Amino acid sequence: MTDGITRAREILGRVFGYRDFRGPQQAIIGHVVEGGDALVLMPTGGGKSLCYQIPSIVREGTGVVVSPLIALMQDQVDALKLAGVEAAFLNSSLDAGTARAVEQAFVAGHLDLLYVAPERLLTDRFLSLLERSKVALFAIDEAHCVSQWGHDFRPEYIQLSVLHERFPAVPRIALTATADGITRQEIIDRLALQDARHFVSSFDRPNIRYRVVEKDAAREQFGRFLRDGHQGEAGIVYCQSRRKVDETAIWLSGLGVAALPYHAGLDAEVRRVHQQRFLREDGIVMVATVAFGMGIDKPDVRFVAHLDLPQSLEGYYQETGRAGRDGEASEAWLAYGLSDVVLLRNRIDESGSPDEVKRVERQKLEAMLGYCETTECRRRVLLDYFGEALEPDYRCGNCDNCLEPPETQDGTVAAQKLLSAALRTGQRFGAGHLIDLLLGKATPRMVQFGHDRLPTFGIGSELDDLGWRAVARQLVAAGYLHANSERYGALQLTEPARGLLKGEVSIRIRKAVRRKTGARDRAGRATRPAALPPGIDEALLEALRACRRRLASEQGVPAYVVFHDATLVEMALLKPGTLDELRQVSGVGDTKLARYGEAFLAAVREAT
Ligand code: ADP
Ligand code: ZN
């Protein structure tokens, strides 16, 4: 072991209270401590922060961290300080006097870590401070912000190449959780990281359980999901529209859930307060549009639910990735139905974007639909999309398709019936009417158009309404039917549909299932991922949580900054009686032991 790694290990244990490095952390930290440049691609929750925090402490001078997430700097710095690290930040939220004090501490060499907003870093004033200070390294967090094609583009990031030009001897480490190859290449080019070592992790998030349900009554389905194992837990609920966000938040509040809305239509101050409460309080459910989430590094988000279909797998993966950063069991839940598909397709068609853009958007939506309809392991489909190939028969054991393999059946005849119903009615009607037709329902509309006299009327009794909706959805998803936006979602046949009608191709479809409440996995256990280890003293755990809440609010920091859930769980299992015993718990470093040790020991004593 090199000297650098020995010191890094010592800091890992003493300051952060962790026993071992996770995944590639040791290799990355070793490389940066020795002065090498690095590009780190690691999924959310992989443990990127330690990759620059520890080298900043080990190396002489201050680690300068560029981050676009001003709102979170305070919490990050608070967390480091509580662990005994000399950390500070500089951004527009500081008054001039405080900013000057931070600058002085920096130049005087008193800081291990300094977080800076990119626009601040690029000022002449700050660049000249850098000239006069000892810089241990530059960490460029959220490095994908240099990508002009990504939705987090920050023009200032492009100018960060100045760091390399002006301070060639200072090692740089760029980090991101954005996986795709184009973004990676842009980071390398724009930040001049050609000679940096690349550390690319798997983007798998094994602790997240993926689940997709057929939308029936989305709200009630989601209500059940919450009741069956996520009560009192922190989560994010994504909706497509602001209105739906507001309505859903009100509905959840009515059920007694601590739910808050978040979207771009709310006042900036309201948004700030809601975000703050979500971060600081236990068990808040944030109901939001995609405007919410970038850089939310709350570690104990236990679920991310989508009540509407996301537009792409990139977005979906990023959003679901906000669950379970602490590595504990978490769920990604998505409800989707035919109306989602129709809505999103129409939105693309009517967007007025250039054809090339529409084409890409359609492809992305197809991939999203393919994920929803797949009968294979969902994790395999996701990782495959992001360029990580797994065996075709790979089974992760932690997605709905692995836990309750869906039944498929030959769907050719059913598909033909639905296609001919569309043809016979002039391709002018949506799924609802066609299904009524197949089921032989003589609705006023049916009679008005004389459709009750068609040969297809009533020929579909082998399936019920839900079954036919599944067929329609799968035909649309597979591109046999097109929902025409100018005709209110009228289903029209596409060219490949002819082959299906003529019996030249056949299709297998997923059987529609009415999933019962509290579905069971193969072993008969409730499908909720096991959050708590068996035999844990839940009353003790609650007492430890209360202790954490009290300390956090006394100090005005989020609860997880005091200790993570995993640390409290380990404490509840170990029931430490002395400071030495408490120090063995993962996440308890020296400074936190000194600061909080007695309080938690007292909590253990009182509750046991
Ligand atoms: P990222 O920035 O990659 O999303 P973080 O740096 O926030 O991830 O780390 C995610 C979580 O994992 C944090 O709660 C962190 O404290 C924890 N963590 C990181 N490294 C380790 C480790 N070696 N042992 C235990 N926990 C760790
Ligand atoms: Zn799986």
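The rules behind the values
Residues numbered from 1 in each chain as written. Chains lettered and ligands numbered in written order. Predicted model: local features only at pLDDT ≥ 70, side-chain atom pairs only at ≥ 80, totals over all residues. Heavy atoms only, no water. Helix = DSSP H or I, 4+ residues; strand = E, 2+ residues; numbered from the N terminus. Contact = heavy atoms within 4.5 Å. Buried < 20%, exposed > 50% of the residue type's maximum accessible area, 1.4 Å probe, protein only. Pairing = 2+ DSSP bridges. Core = buried A, V, L, I, M, F, W, Y, C linked by side-chain atoms within 4.5 Å. Donors = N, O, S within 2.8 Å, 3.2 Å for Na, K, Ca; no water. Tetrahedral: all angles 85-135°; square planar, octahedral: opposite > 155°, others 65-115°. Near = heavy atom within 4 Å. Polar contact = N/O pair within 3.5 Å; in protein donor to acceptor, adjacent residues only side chain to side chain. Areas by Shrake-Rupley, 256 points an atom, 1.4 Å probe, with all protein chains shown as cover. Axes fitted to C-alpha atoms, helices over the stretch in contact; angles between N-to-C directions. Expected span 1.5 Å × (residues − 1). Domains from an automatic or database assignment. Buried area = accessible area lost by both parts, 1.4 Å probe. Salt bridge = Lys/Arg side-chain N within 4 Å of Asp/Glu carboxyl O. Left-handed = near helix turned anticlockwise from the far one by under 90°. Phe/Tyr/Trp six-rings, centres within 6.5 Å; stacked < 30°, edge-to-face > 60°. pLDDT = per-residue confidence, 0-100.

Looking now at the environment of Leu532. If you trace the backbone, Leu532 turns up in the loop between strand 17 (508-510) and helix 24 (538-555). Spatially, the C-alpha atoms of Leu532 and Val569 are 7.7 Å apart, while their sequence positions differ by 37 residues. If sequence neighbours within four positions are ignored, Leu532 has contacts with Glu538, Leu541 and Val569.

A separate point is the pairing of strand 8 (residues 208-214). Of all seven residues making up strand 8, seven are buried, and the element is well covered by its neighbours. Burial along strand 8 is two-sided: Ile208, Tyr210, Val212 and Glu214 facing one way and Arg209, Arg211 and Val213 facing the other are all buried. Here strand 8 pairs with strand 13 (residues 330-336) via seven bridges, running parallel. Opposite Tyr210, over in strand 13, you have Ala332 as the bridge partner.

Moving on, we come to the nonpolar core. Of all hydrophobic cores here, the largest spans 175 residues; its most connected members are Ile54, Phe126, Leu130, Ile173, Tyr371, Leu475 and Phe600. If we ignore the near neighbours within four places in the chain, the residues touching Leu475 are Ala415, Leu418, Leu419, Tyr480, Leu481, Leu500 and Ile507.

Working reference: metal with six octahedral donors, ideal angles 90 or 180 degrees; metal with four tetrahedral donors, ideal angle 109.5 degrees. Around the zinc ion (ligand 2), the protein contributes the donor atoms Cys377 (SG), Cys396 (SG), Cys399 (SG) and Cys402 (SG), at 2.3 to 2.4 Å from the metal centre. Its four donor atoms give the zinc ion (ligand 2) angles of 101 to 119 degrees at the centre, a pattern that matches the tetrahedral case. In primary-sequence terms, the residues that donate to the zinc ion (ligand 2) follow C-x18-C-x2-C-x2-C. Within this pair, whereas Cys377 is found in the loop between helix 16 (355-373) and helix 17 (378-385), its partner Cys402 is found in helix 18 (residues 400-403), the two being separated by 25 residues in sequence. Across the pair, Cys402 and Cys377 agree in class, each one buried.

What follows covers the site of ligand 1. Taken together, 15 residues lie near ligand 1, and Tyr18, Gly45, Ser49, Arg325 and His564 sit nearest. Separating an oxygen atom of ligand 1 from a backbone N or O atom of Gly47 is a distance of 3.0 Å. The side chain of Arg325 places a nitrogen or oxygen atom 2.4 Å from an oxygen atom of ligand 1. Relative to its unbound accessible surface of 570 Å², ligand 1 loses 85% to contact with the protein.

This part takes up the sheet that holds strand 9 (residues 235-238). Spatially, six strands are ordered 8-13-12-9-11-10 in an open sheet, and the strand pairing comes out parallel. The sheet is open, and its two borders are formed by strand 8 and strand 10 (259-262), each paired with just one other strand. With strand direction ignored, the average angle separating the axes of adjacent strands in the sheet is 15 degrees. Relative to the sheet, helix 11 (residues 218-227) contacts strand 8, strand 9, strand 12 (303-306) and strand 13, its axis offset from that of strand 13 by approximately 165 degrees.

Turning next to unusual backbone geometry. Of note, Glu142 is a non-glycine position whose phi angle comes to about 50 degrees, a positive value. Relative to the helices and strands, Glu142 is located in the loop between strand 5 (135-140) and helix 8 (155-158). Located in the positive-phi region is Lys575, a residue other than glycine, with phi close to 45 degrees. Looking at the secondary structure, you find Lys575 in the loop between helix 26 (565-574) and helix 27 (579-583). On the accessibility criterion, Lys575 (37% relative accessible area) is partly exposed.

With that settled, consider helix 15 (residues 338-349). Along its twelve residues, helix 15 runs 17 Å from first to last C-alpha, staying within 8% of the 16 Å computed at 1.5 Å per residue. Every buried residue belonging to helix 15 is among Leu338, Asp340, Val341, Val342, Leu344, Arg345, Asn346 and Ile348, and all of these are buried. Where helix 15 is buried, its residues contact strand 13, helix 16, helix 20 (431-439), helix 22 (465-477) and strand 15 (481-484).

A few words on the domain arrangement of the protein chain. As far as domains go, the protein chain holds domain 1 (2-200), domain 2 (208-403), domain 3 (408-510) and domain 4 (538-607). Contacts between domain 1 and domain 2 engage 14 residues on the former and twelve residues on the latter. Here domain 1 meets domain 2 over a buried area of about 1,000 Å², counting both sides, of which 53% is carbon and sulfur. A per-residue breakdown of the area domain 1 buries against domain 2 is headed by Thr44, Leu72 and Asp75, which together make up 38% of the total. Note that Asp75 is salt-bridged to Arg280, the shortest N-O span being 2.7 Å.

Axis separation between helix 24 and helix 28 (residues 590-607) bottoms out at 9 Å; the angle between their running directions is 145 degrees. As helix 24 runs across helix 28, the sense of the crossing is right-handed. Packed against helix 24, whose contacting residues are Leu540, Ala543, Leu544, Cys547, Arg548, Arg550, Leu551 and Gln555, the element helix 28 presents Arg595, Tyr596, Ala599, Phe600, Ala603, Val604 and Ala607 at the interface.

We now examine the pairing of strand 6 (residues 172-176). Most of strand 6 is tucked away: five of the five residues are buried. As defined by bridge partners, strand 1 (residues 38-41) adjoins strand 6 across four bridges and the pair is classed as parallel. Each bridged residue has a counterpart across the sheet, and for Val40 the counterpart in strand 6 is Leu175. With three bridges connecting them, strand 5 and strand 6 associate as parallel partners. Looking across to strand 6, one finds that Ile140 is bridged to Ala174.

The next thing to look at is the packing of aromatic side chains. If you walk through the whole model with that rule in mind, you get 15 aromatic pairs. On the numbers, 6.0 Å between centres and 5 degrees between planes, the contact of Phe106 with Phe126 is stacked. Of this pair, Phe106 sits in helix 5 (residues 96-107) while Phe126 sits in helix 7 (residues 124-132), and the two are 20 residues apart along the sequence. The exposure class assigned to Phe126 is buried, which follows from its relative accessible area of 2%.

What follows is about the confidence of the model for the protein chain. Across the protein chain, the average pLDDT comes to 89, with 95% of residues at or above 70. Averaged over each element, pLDDT in the protein chain is lowest for strand 15 (78) and highest for strand 5 (98). Note on residues 516-527: pLDDT under 50 across the span, and 20 contacts to partners over four residues away in sequence or across chains.

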